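Examination of the molecular architecture
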Amino acid sequence: MAVKVRIEKKRPTLKVEDYAVPGDRSGRQTAYITFLVLSLFIIGIPTALALQDQRKWITAGVCIAWVIVPWWIYFVNLPRRYRSKIGLKNRAMPTHYPEIRDLVAQQCRIVGIREPEVFIFQDEENGWIQTISGGRPFVVFTTKLLQMLKPKEFACAMLRELGRIKSGHARARSLLYFLNRTPRFLRGIFAMPVWFLGYILWQNWEDDAEDTLDRLVLILTRDARLCASTILKMEIENNPVVNVSAEEVEDYLGQQDPIKASAMEVSAHFKMGTTVQQNPELFERLKGLIAVTQSKEYKELIGKMDEVLASLK
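Cut-offs used in this document
- Residues numbered from 1 in each chain as written.
- Predicted model: local features only at pLDDT ≥ 70, side-chain atom pairs only at ≥ 80, totals over all residues.
- Heavy atoms only, no water.
- Helix = DSSP H or I, 4+ residues; strand = E, 2+ residues; numbered from the N terminus.
- Buried < 20%, exposed > 50% of the residue type's maximum accessible area, 1.4 Å probe, protein only.
- Contact = heavy atoms within 4.5 Å.
- Core = buried A, V, L, I, M, F, W, Y, C linked by side-chain atoms within 4.5 Å.
- Salt bridge = Lys/Arg side-chain N within 4 Å of Asp/Glu carboxyl O.

**Topic: the side chain of Arg-173**
For Arg-173, the location among the structural elements is in helix α7 (residues 170-180). With a relative accessible area of 15%, Arg-173 lands in the buried category. The residues contacting Arg-173, other than those within four sequence positions of it, are Gln-130, Arg-164, Trp-205, Glu-206 and Glu-210.

Quick look at the structure:
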């Protein structure tokens, strides 16, 4: 008797390698390999000496702890403590910020990741959003962010954080977040190997990671103006060097049909002469948005994303 076998058609998905910039993955790999080599060096030499002279086992133990304990603190302990500190009362649930939960559920379905926990931190003075990872990633943002961004801009900001999870950035970005909150003498002395890892990520990876997320969000929203507006408003909030108001951002972007301004026009609007020179990363990100929309690769990714969205219906 013939047996019928149902073969399901493979659902199209947008893979990280489809949109990531070349330096994203290689930058992280370089950082982690360097950290591994440094750790083996710090642990290996004292351990080798201790095998020859048992009196040196104390030194070897201190070196092993110097590598392992900070690693455990930054990658496991601090994320878990941070989640506990925020508390379940601030988590987005069907009865508490249900619109946020629905937004995240919808975006996760499109991005293709498991829905993370989302927490709303009560802070009326600082607008920020952050993905933390000490196991399963979770997203935290402040009430000020909801106030300073329009609904579509907030959705764009949330999409970036979900993109961090999909792109494999959550742990590295979480490390940088906690290192920046640690006093310099502590991270330079008591957590030097992990601090060195964070330093390499900051120098050789972070900018490429932001470019990767810019590409992903641009592909998903197909709205360069929205992406630019979200980037600028969050940069204004978190970087005192950028001396521009949110209203000025709105005025500038409102004058454009799509965001087709040249780099010089962008620079002129911000009062930017000196401001952009002091913040070249922002300048390059804006230019990058424009360049991506004009590329052949962008059109191909839009076509692939259409297939993904069609398969979700």
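Picking up after the structure, the text goes on.
**With respect to the nonpolar core**
By size, the foremost hydrophobic cluster in this structure holds 47 residues, and its most contacted members are Val-118, Phe-141, Leu-145, Phe-154, Met-158 and Ile-219. Per-element tally for this core: the top contributor is helix α6 (residues 151-167), with eight residues. When residues no more than four places from it in sequence are discounted, the contact partners of Ile-219 are Leu-14, Tyr-19, Tyr-298, Leu-301, Ile-302 and Met-305. Membership of the second largest hydrophobic core comes to 26 residues, among which are Ile-86, Phe-119, Leu-197 and Trp-205.

**Looking at the pattern of salt bridges**
Under the counting rule described, the total for this entry stands at 17 salt bridges. Close ionic contact of Asp-18 with Lys-304 constitutes a salt bridge, the shortest N to O distance being 2.7 Å. Of this pair, Asp-18 sits in helix α1 (residues 16-19) while Lys-304 is found in helix α16 (residues 296-312), placing the two residues 286 residues apart along the sequence. Since its relative accessible area comes to 26%, Lys-304 is described here as partly exposed. One salt bridge in this structure joins Arg-164 and Glu-161, with 3.1 Å as the shortest N-O distance.

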